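Architecture and fold: a report
As a plain string of letters, each chain reads:
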Amino acid sequence: LVALLIARATMLAYPELLPELAGRLERRGYRAALSVLEHEGDVDQALHGLAGGNHAGVIAAALPCLSEVFALERAGIPLLLYNCFTPSVRAN
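What this report covers is the structure whose coordinates are included nearby.

Thresholds applied
Residues numbered from 1 in each chain as written. Predicted model: local features only at pLDDT ≥ 70, side-chain atom pairs only at ≥ 80, totals over all residues. Heavy atoms only, no water. Helix = DSSP H or I, 4+ residues; strand = E, 2+ residues; numbered from the N terminus. Rg over C-alpha atoms; globule rule 2.2 N^0.38 Å. Buried < 20%, exposed > 50% of the residue type's maximum accessible area, 1.4 Å probe, protein only. Contact = heavy atoms within 4.5 Å. Areas by Shrake-Rupley, 256 points an atom, 1.4 Å probe, with all protein chains shown as cover. Salt bridge = Lys/Arg side-chain N within 4 Å of Asp/Glu carboxyl O.

A short note on the overall build of the protein chain
Of regular secondary structure, the protein chain possesses 4 helices and 4 strands. Ordered by position from N to C terminus, the α and β elements of the protein chain give β-α-α-β-α-β-α-β. The globule rule puts the C-alpha radius of gyration for 92 residues at 12 Å, and the 12 Å found for the protein chain is close to it. Along the three orthogonal principal directions, the C-alpha set of the protein chain runs to about 30 × 30 × 20 Å. For the protein chain, buried positions account for 36% of its 92 residues. Taking the contacts inside the protein chain whose residues are at least 6 apart along the sequence as the reference set, 48% of them involve residues at least 24 apart. Entry remark: accessible area of the protein chain is about 5500 Å², with carbon and sulfur atoms responsible for 53%.

Details of the pattern of salt bridges
Enumeration over the complete set of coordinates arrives at 2 salt bridges. With a closest N to O distance of 2.6 Å, Arg8 and Glu38 form a salt bridge. Residue Arg8 is located in helix 1 (residues 8-13), and its partner Glu38 is located in the loop between strand 2 (32-37) and helix 3 (43-47); the two are separated by 30 residues in the primary sequence. Arg24 is the salt-bridge partner of Glu20, the closest N and O atoms lying 2.5 Å from each other. Of this pair, Glu20 and Arg24 both sit in helix 2 (residues 17-27), 4 residues apart, roughly one helical turn.

Some thoughts on unusual backbone geometry
Phi is positive for Asn83, close to 60°, though the residue is something other than glycine. Mapping Asn83 onto the fold places it in the segment after strand 4 (79-81).

Let's talk about the environment of Ala51
You can see Ala51 is positioned in the loop between helix 3 and strand 3 (57-60). When its relative accessible area of 25% is taken as the criterion, Ala51 is described as partly exposed. Taking the C-alpha atoms as reference points, Ala51 and Ala32, 19 residues apart in sequence, are found 16 Å from one another. When sequence neighbours within four positions are dropped, the list of residues in contact with Ala51 reads Ala71, Leu72, Ala75 and Ile77.

Shown next as structure tokens:
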């Protein structure tokens, strides 16, 4: 199970993003769990608690705060940031 966290504005700007990501994950044997964020700032709330779950990874199209990133890292859950960047974290 891979969590996809995508802001509504991102989905409107890049409508091909969701079917492309979901299709590629499924071809590799993963299921996608989509969380549509009303605002990019909602990413932290969506990430809260994922570190305790059974996710194989997280793809976030919004920049989370460092505490949420570190919680995922401690849990061994890979994080891929889509269309955002920060030099402070170890994310793909």
